[in-house]
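# An overview of the molecular structure
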Number of protein chains: 2
Amino acid sequence: MAGKKRETVIVFGGGLVGSLLALFLGRRGYRVDVYEKRPDIRYTTIEEARSINLALSDRGWNALRALGLEDEVKDVGLPMYARAMHDIEGNLTYQPYGKEGQAIYSVTRFSLNKRLVSIAAQMPNVYYHFNARINSVNLKRKEAHVTNLLNTEDEYNAGADYIFGADGAFSNIRSSMQRSDRFDYQQFYIEHGYKEFHLNPNEANDWALENDKLHIWPRGTFMMIALPNPDKSFTCTLFFPFNGPLSFESIKTKEQVSEFFQTYFKDLVGIMPDHADQYFRNPTSSLVTVKCFPWVMNNVALIGDAAHAIVPFFGQGMNCGFEDCFTLDQLVEQEGTLEAALPKYQLSRKKSADAIADLALANFIEMRDSVGNPRFLLRKKIEAGFHRLFPEQWIPMYTQVTFSNVPYEDALASGRLQDHYLSQIMEVPGIDKAELTDAYLTQLWSDFVAEGRKL
Amino acid sequence: MAGKKRETVIVFGGGLVGSLLALFLGRRGYRVDVYEKRPDIRYTTIEEARSINLALSDRGWNALRALGLEDEVKDVGLPMYARAMHDIEGNLTYQPYGKEGQAIYSVTRFSLNKRLVSIAAQMPNVYYHFNARINSVNLKRKEAHVTNLLNTEDEYNAGADYIFGADGAFSNIRSSMQRSDRFDYQQFYIEHGYKEFHLNPNEANDWALENDKLHIWPRGTFMMIALPNPDKSFTCTLFFPFNGPLSFESIKTKEQVSEFFQTYFKDLVGIMPDHADQYFRNPTSSLVTVKCFPWVMNNVALIGDAAHAIVPFFGQGMNCGFEDCFTLDQLVEQEGTLEAALPKYQLSRKKSADAIADLALANFIEMRDSVGNPRFLLRKKIEAGFHRLFPEQWIPMYTQVTFSNVPYEDALASGRLQDHYLSQIMEVPGIDKAELTDAYLTQLWSDFVAEGRKL
């Protein structure tokens with residue numbers, strides 16, 4: 001941008017996606033002002049923040065790597081190589097996430113966010129404004145109306161060449177856009193809410209469960225999961241219906257909570273003695289999916305959850321938001337300006353975001369129900385065998401989403417085709433008892449997949 | 001409500017649905033305060049208002065009849081007994097809406113609204129507040145925040161036992177509800193917008209087209225329609241894509257407008273000489289569908305377009321809103337109180353509103369495309385024959401929606417079944433040339449419908 005006035009960008013939201021975006025755009029030479037309604041996270045302790053775990057996988061790492069930050073954030077994550085399923089008696093079965101060595105990383109939102117803010121704020125052309133809430137945006141004038149939350153009398157307008165809403169699922173920037181003509185918008189909640197439980201280290205001050213697995217207690221209509229933290233605790237999350245015969249609504253007393261844990265999470269009762277207290281102390285939150293279009297109006301743009309909030313069951317919310325930033329940066333490189341990149345950004349990412357939103361909803365059923373089913377595990381074994389024997393021709397959909405940068409919509413499409421083949425294979429007489437030798441798998445492959453044969 | 005404090009209701013929106021609701025609830029003894037942001041319509045002339053035509057049909061009449069208002073509004077409508085299709089050369093074909101004597105009524109929104117306000121405002125317990133905009137609602141406190149638009153410094157809170165949002169497709173009450181947890185919401189626009197044209201009376205001061213028909217110029221991807229007004233003019237509406245090779249975007253000069261009319265609406269050119277001026281003078285508007293749930297939160301409720309904005313292609317927007325009021329009133333009768341009626345109201349009407357929203361979107365394709373197709377007209381003739389011969393067993397879906405009070409969702413379900421049978425019948429060899437005698441129709445009936453036979 002030599003010889004030209006430096007263009008300015010306002011990013012609303014200094015969370016994970018907003019900070020990553022500031023890093024990418026700062027590196028491109030824009031003046032970036034980040035407005036964040038919360039206090040400066042660099043002077044906040046983890047006790048003051050809500051602990052939420054995220055699963056960082058390849059798309060997220062890819063964006064961090066592009067900024068040279070892979071090593072800088074590596075130590076905030078713990079690798080998880082497999083799902084560990086806890087049945088109702090406490091017995092464990094395992095299902096690897098990928099090939100040997102492939103892992104998703106349990107990351108504490110707070111730690112990663114703090115790291116990204118610290119790095120971004122060091123750039124000479126990136127400025128953070130904390131305790132500053134953007135209330136609305138004037139799309140025509142490209143001006144944001146800001147309230148200083150330390151002194152709410154202090155309100156002002158801030159203008160820029162570009163404004164980004166990285167302000168999450170309940171984005172104020174998006175609310176301003178929603179009032180425009182011809183803005184398509186959808187928000188819907190699933191019937192389940194969630195509640196977090198903290199699982200302390202055991203008496204030997206070690207993790208109370210295997211720390212290199214993502215733990216699941218699949219119970220059909222609901223489930224518990226647990227992700228390890230670096231401090232040797234786990235964050236457990238119960239996904240449970242709001243209403244109905246067995247639900248947040250139906251469990252009202254400490255006795256009912258204890259009975260519920262005793263029945264469904266027997267192996268947690270001993271290691272989490274305060275589960276009933278936590279049930280009443282910790283909030284119950286809802287799970288929303290948001291879809292909208294357009295994402296870009298007059299150089300005001302949405303990114304991350306503000307553009308596409310999804311349910312957490314594929315562990316892709318942050319990864320998708322990071323990929324938004326990475327793709328946008330690639331397009332700026334390709335098109336020369338942010339202005340030229342934005343229309344391409346929304347077209348490319350809208351398709352991907354819609355696909356991962358649908359995949360995330362579908363994966364809830366897999367996690368809470370299918371993973372507890374022996375036929376499902378057999379299916380996954382056949383799939384893994386195909387992937388091993390025909391690595392170029394069969395890449396499991398889960399692998400495409402989690403361990404590659406294939407567009408989500410392409411992963412969704414091949415997943416549907418794979419489902420079609422696997423459903424046919426699962427009808428083969430005796431498949432339940434068959435030994436999955438290479439020869440047998442190769443025969444299945446040539447009968448069903450290579451030929452595209454219909455039963 | 002003898003011996004009890006009179007319960008209070010705030011209705012936001014003094015339009016058609018808000019005023020009808022005030023009439024129903026006023027009659028039940030509630031104190032009703034209607035807040036309307038526009039000036040008092042009783043002192044407004046039609047020139048100051050935008051002229052919009054509506055089609056009043058049985059569901060609307062049914063609600064008016066329940067209030068004893070059938071005769072009071074009869075003179076604001078003109079009956080239309082058939083669709084008159086104008087082909088590209090100006091040739092006409094006709095398709096009756098129902099049986100002989102069945103008609104839908106072209107009504108000027110302004111006249112009907114004025115009539116309803118005049119009647120409602122005469123009730124001793126109904127109070128209208130004009131130039132009063134409700135900005136938001138505090139759902140917990142059941143309090144509306146109101147601005148007096150004649151003096152915008154004058155803002156106040158108004159509380160009531162019940163608050164209704166009858167404030168249309170862009171409802172402020174709904175916006176307040178949308179910010180609540182677990183509120184499902186969707187708004188989406190179709191690719192077409194609309195523009196109105198005024199067709200003056202002819203030189204003999206008579207209607208320039210037959211005044212007892214709804215006129216359609218079906219052109220595949222777009223269409224014009226015309227509805228008669230009591231002053232012997234017509235209101236024509238062009239439904240046309242916003243973008244694309246032939247669209248509002250592509251037609252930019254007066255010459256292009258004239259060429260467009262000359263090509264597609266030849267028979268309008270002579271009788272509407274100022275069509276090009278009107279094209280540039282009159283606004284282009286968009287068409288939104290809104291779906292949401294819940295409609296009721298803590299005795300704050302949505303009704304009419306605020307709960308379920310639909311596209312206008314089935315002519316059911318107002319009729320559906322009037323049926324909302326009628327159903328709610330019936331439920332108050334049945335349940336004893338408005339509080340007990342509201343949960344049943346939302347469950348019953350949500351299903352119906354979703355069904356008519358989908359039917360209205362589908363009917364656009366019928367109107368703009370199918371009605372110009374001889375095979376579609378044949379299909380309609382076979383259907384009319386079945387209805388004549390087996391009047392209890394076959395009631396066309398259009399008739400169920402327009403000339404009955406069958407729930408919309410039931411009409412949708414039988415329409416799907418009818419489509420299934422008719423699609424099979426249309427594949428009978430020689431059906432295009434067959435004479436539709438009673439004997440032949442009876443044979444078709446027994447072969448395809450009575451047996452539920454599959455081809």
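Residues numbered from 1 in each chain as written. Chains lettered and ligands numbered in written order. Predicted model: local features only at pLDDT ≥ 70, side-chain atom pairs only at ≥ 80, totals over all residues. Heavy atoms only, no water.

### Thoughts on the relation of the copies chain A and chain B
Our working rule: We place the copies in one frame by least squares, fitting the C-alpha atoms of every residue whose pLDDT is at least 70 in both. Contacts are assigned to residue pairs that have any heavy atoms within 4.5 Å of one another.
Overlaying chain A on chain B yields an RMSD of 0.0 Å, the required transformation being a rotation through 180° with an accompanying axial translation of 0.1 Å. This pairing of chains is accounted for by a two-fold axis. Residue A:Gln186 of chain A places its C-alpha closer to the rotation axis than any other residue of that unit, at 2.1 Å. Interface overlap between copies is the fraction of interface residues in one copy that are interface residues in the other; for chain A against chain B it reaches 100%, indicating a shared surface.

### Here we look at the sheet that holds strand β4 (residues 77–80) of chain B
Residues and elements named next belong to chain B. Quick reminder of the rule: DSSP bridges decide pairing: two strands pair if at least two such bridges lie between them. Helix and strand assignments follow DSSP, with helices taken as H or I runs no shorter than four residues and strands as E runs no shorter than two, numbered in order from the N terminus. Axes, fitted as lines to C-alpha atoms, cover a helix only where it is in contact. Angles between the N-to-C directions of the axes lie from 0 to 180 degrees.
Within the open sheet, the 3 strands sit side by side as β3-β7-β4. Their pairing is antiparallel. Because the sheet does not close on itself, it has two edges, and the strands there are β3 (53–56) and β4. With direction set aside, neighbouring strand axes in the sheet form an average angle of 30°. As paired elements, β4 and strand β7 (residues 104–108) share 4 bridges and run antiparallel to each other. Along β7, the bridge assignment pairs Leu78 with Ser106. Taken strand by strand, helix α4 (residues 109–121) contacts β3 and β7, and its axis lies near 80° from that of β7.

### Re the confidence of the model for chain A
We apply this condition: Scored between 0 and 100, pLDDT is the confidence that the predictor attaches to each residue.
Averaged over every residue, the pLDDT of chain A is 94; residues scoring 70 or more account for 97%. Interface confidence for the predicted complex, expressed as ipTM, amounts to 0.82; the pTM equals 0.88.

### Remarks on empty space enclosed by the protein
All names here are of chain A. Operational definition: The method works on a 1 Å grid over the protein atoms by themselves. A cavity is a set of points holding a 1.4 Å probe that cannot get out, a pocket is an open set with protein on both sides within 12 Å along at least five of seven lines, and residues with an atom within 4 Å of a point line them. Grid points are joined across faces, edges and corners, and a volume is the space filled by probe spheres set on the points. Residues are grouped as follows: Ala, Val, Leu, Ile, Met, Phe, Trp, Tyr, Cys and Pro are nonpolar; Asp, Glu, Lys and Arg are charged; every other residue, Gly included, is polar.
Summed over the entire model, instances satisfying the criterion amount to 1 cavity of 30 Å³ or more. Within this model, the largest cavity holds a volume of roughly 40 Å³. Around the largest cavity, the lining residues are Val290, Lys291, Cys292, Trp295, Ala307, His308, Ala309, Ile310, Lys350, Ala353, Asp354 and Ala357. Mapped by element, the contributors of at least two residues to the lining of the largest cavity are β17 (285–293), α9 (305–308) and α11 (338–368). Counted by class, the lining of the largest cavity contains 8 nonpolar, 1 polar and 3 charged residues.

### Brief notes about the packing of aromatic side chains
All names here are of chain A. So the rule is basically this: The pairing test for Phe, Tyr and Trp rings, Trp by its six-membered ring, is centres within 6.5 Å, and the orientation test on the planes gives stacked under 30 degrees, edge-to-face over 60, and tilted for anything in between. The cut-offs for exposure are 20% and 50% of the maximum accessible area for each residue type, with area from a 1.4 Å probe on protein chains only; residues under the lower value are buried, those over the upper are exposed, and the others partly exposed.
Scanning all chains against the criterion turns up 57 aromatic pairs over all chains. Centre to centre, the rings of Phe222 and Phe265 are 6.2 Å apart; their planes meet at 80°, and the pair counts as edge-to-face. Placement of the pair is Phe222 in the loop between β14 (213–218) and β15 (223–228) and Phe265 in the loop between α6 (254–264) and α7 (266–269), with a sequence separation of 43 residues. With a relative accessible area of 2%, Phe222 lands in the buried category. Classification of Phe265 by relative accessible area gives buried; the value is 0%.

### Examining the pairing of strand β11 (residues 155–159) of chain A
Two faces make up the sheet, and in a regular strand the side chains alternate between them. Residue and element names in this part refer to chain A. As judged from the 5 bridges shared by strand β10 (residues 143–148) and β11, these two strands associate in the antiparallel manner. Directly across from Ala144, in β11, lies its bridge partner Ala158. As consecutive antiparallel partners, β10 and β11 are separated by 6 residues.

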